[in-house]
Amino acid sequence: RKMKVDLTVVAPATEQSWTGKRMTPKQKMHLRSINIEGHEAYTFEGSPADCVNFGIYTIMANQKPDLVISGQNMGHNMGIGYVFSSGTIGAGLEANIAGVPSITISQTLPQHDFTMWSSERRLSAESQSHYQEQGAKLFKAAMDKLRQQPDFLTAPVTWNVNFPFNASSNPQVMPTSPALMMYDNCFTDKGKGTYMHVGAFVDPRRGENIPGTDMHAVMHGHVSIS
């Protein structure tokens, strides 16, 4: 069923990975209007949670949104460790604090795509085409599933959606809980007593791959909703 929507886009002006639910206190942040394929959107010099708060209470001050969608994040947000560190999920939680339901969307990547995206902010043409084509189908399936939930668009909760790298021949949208998966050292030595946070890629296969978890669903080619 097609839905007519009024869409407002407020996105961080700079990279905001690993920011979790962080807000930016007592700093001036610039708002800029940009054009995306003929549609007005905004960039805001803050964290994902800042963007949601600003979007709800400033840009949409006259009418709160019915739903906040955060993402799509390039890289999964599965497992306990990532749930607490993800800026994508942090944005969804900020919406919930404002009384608005949210969906957070993340795309699982293999190591080579994750490395290219992290270092160059681009993907190969083949990978980009794959994610766009597959993602459109999986997003529709996820939305169809969420619309069946009795509290969808009424309860201020975050639905965390993770797409597999390669969907199975018959992908299912599966209700899950976060797996027990942690990440390793995030810092690299830059010399002279300085260190840099560079993130940590964790192969999802290292996680708690048991039925009922987000990890198990995605590793078997299905869509996870937790």
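Residues numbered from 1 in each chain as written. Predicted model: local features only at pLDDT ≥ 70, side-chain atom pairs only at ≥ 80, totals over all residues. Heavy atoms only, no water.

What about the overall build of the chain?
So, point 1. When you go through the chain residue by residue, the secondary structure sums to six helices and 10 strands.
So, point 2. Over its C-alpha atoms the chain spans a radius of gyration of 18 Å, differing by no more than 12% from the 17 Å that the globule rule assigns to 226 residues.
So, point 3. Counting only C-alpha atoms and orienting by the principal axes, one finds that the chain spans roughly 55 × 45 × 35 Å.
So, point 4. The 226 residues of the chain split such that 41% are buried.
So, point 5. Residue pairs at least 24 apart in sequence account for 71% of intrachain contacts in the chain once pairs closer than 6 positions are excluded.
So, point 6. In the structure as shown, the chain presents an accessible area of about 13100 Å², 54% of it carried by carbon and sulfur atoms. (Helix = DSSP H or I, 4+ residues; strand = E, 2+ residues; numbered from the N terminus. Rg over C-alpha atoms; globule rule 2.2 N^0.38 Å. Buried < 20%, exposed > 50% of the residue type's maximum accessible area, 1.4 Å probe, protein only. Contact = heavy atoms within 4.5 Å. Areas by Shrake-Rupley, 256 points an atom, 1.4 Å probe, with all protein chains shown as cover.)

A short note on the side chain of H222
So, point 1. Residue placement: H222 occurs in the loop between α6 (214–219) and β10 (223–225).
So, point 2. The exposure class assigned to H222 is buried, which follows from its relative accessible area of 15%.
So, point 3. Among the polar contacts listed, one links the side chain of H222 to the backbone nitrogen of Q172, at a separation of 3.0 Å.
So, point 4. When residues no more than four places from it in sequence are discounted, the contact partners of H222 are N162, P164, S168, N170, P171, Q172, M174 and A217. (Polar contact = N/O pair within 3.5 Å; in protein donor to acceptor, adjacent residues only side chain to side chain.)

Some remarks on the nonpolar core
So, point 1. Within the largest apolar cluster, 13 residues are counted, with the highest numbers of intra-cluster contacts made by I103, L146, F152, V161, F163, V223 and I225.
So, point 2. Ranked by residue count, the leading element in this core is helix α5 (residues 125–146), at four residues.
So, point 3. Dropping the residues within four chain positions of it, F163 is found in contact with Q72, I105, S106, Q107, T108, G135, L138, F139, V218 and V223.
So, point 4. V52, I56, V68 and V100 belong to the second largest nonpolar core, which has seven residues in total. (Core = buried A, V, L, I, M, F, W, Y, C linked by side-chain atoms within 4.5 Å.)

Description of the pairing of strand β3 (residues 39–44)
So, point 1. Taken together, the three bridges between strand β1 (residues 10–12) and β3 define a ladder with parallel strand orientation. Bridging from a neighbouring strand, P12 pairs with F44 of β3.
So, point 2. Two strands pair when backbone bridges link them, and strand β2 (residues 31–36) and β3 are joined in this way by six bridges, in the antiparallel orientation. Bridge pairing links S33 to Y42 in β3.
So, point 3. The turn joining β2 and β3, which pair antiparallel and follow one another in sequence, is formed by two residues; a positive phi near 50° is taken by E37. (Pairing = 2+ DSSP bridges.)

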